[in-house]
Amino acid sequence: MKKLFLLITAFVMTVSANAQDAVGTLSLKPMAGVTIANFIGKDAEGTDPKIGAIFGGELIYQVSNYCSLSAGLLYSMQGCSADGEGDPKVSLDYLNLPLLANFYVFKGFALKAGFQFGYLTRAKVSGSGDGIKAEVDMKDACNDFDFSIPIGISYDINNSFVIEGRYNVGITKPGKSDYSFMGETFHDDDNNIRNSVFQITLGYKFALK
């Protein structure tokens, strides 16, 4: 029992030493990276991942020695590619607000999870054929708001640079059930397509107070 007590005490002391900043510290983290986006759901067959960019920043507040809370504002290029000639792509760009809890499990390494709210800023379908490129606006066929669950890991380098991988699984549908597209009206109650986005970012964190 004594050995178990000492082991638990050592573990607690180790976890407590893993905080990246002093308790009460507010930090700003500009960040940028790449997205690997696709659609998921039974109606998403035939889609392929699409590479895009992500950039913005997050505010981080150190709540305790082993936990912080963060809120961000990120511009994220999402959507998918599609099978077929002409390199067809669906481009959905969102302004995302992720709210995350970050748990430091050992020095420099954190696990994170939370919620993300997104606002659609751009929706296009593009492709090419016979040497001609075409792009069609499809924003009227899409929902303005998106809700997803982000989970991820991060590693702090010298308490300044932060390398992070995050996966956002969509809960809401990007497409409307009733919409008009190219002069035709469509109704699709069975549509179950949702966003699926991996993002890899590099950020630089500095204390505001």
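Coordinates for the structure precede this section.
Undergrad: For this particular structure, what's the right way to read the overall build of the protein?
TA: Looking only at helices and strands, one finds 1 helix and 13 strands in the protein. For the protein, the proportion of its 209 residues judged to be buried stands at 36%. Intrachain contacts of the protein at a sequence separation of at least 6 include 64% that bridge at least 24 residues. Here the protein has roughly 11,500 Å² of accessible surface; of this, 66% comes from carbon and sulfur atoms.

Undergrad: So what exactly am I meant to see when it comes to the environment of Lys205 here?
TA: Within the secondary structure, Lys205 is located in the loop between strand S12 (194–204) and strand S13 (206–207). Its relative accessible area of 5% is what places Lys205 among the buried residues. Sequence spacing of Lys205 and Met31 is 174 residues, and the spatial spacing of their C-alpha atoms is 8.8 Å.

Undergrad: Would you mind going over the pairing of strand S9 (residues 161–170) with me for this structure?
TA: Regular strands show a simple pattern: their side chains alternate between the two faces of the sheet. Burial of the side chains of S9 is restricted to one face: Val162, Glu164, Arg166, Asn168 and Gly170 are buried, whereas none of Phe161, Ile163, Gly165, Tyr167 and Val169 on the reverse face is. As paired strands, strand S8 (residues 145–157) and S9 are joined by 10 bridges and run antiparallel to one another. Following the sheet pairing, Ser148 is matched in S9 by Gly170. Counting the residues that bridge the hairpin from S8 to S9 gives 3 residues, and of these Asn158 lies at a positive phi of roughly 55 degrees.

Criteria and cut-off values
- Residues numbered from 1 in each chain as written.
- Predicted model: local features only at pLDDT ≥ 70, side-chain atom pairs only at ≥ 80, totals over all residues.
- Heavy atoms only, no water.
- Helix = DSSP H or I, 4+ residues; strand = E, 2+ residues; numbered from the N terminus.
- Buried < 20%, exposed > 50% of the residue type's maximum accessible area, 1.4 Å probe, protein only.
- Contact = heavy atoms within 4.5 Å.
- Areas by Shrake-Rupley, 256 points an atom, 1.4 Å probe, with all protein chains shown as cover.
- Pairing = 2+ DSSP bridges.

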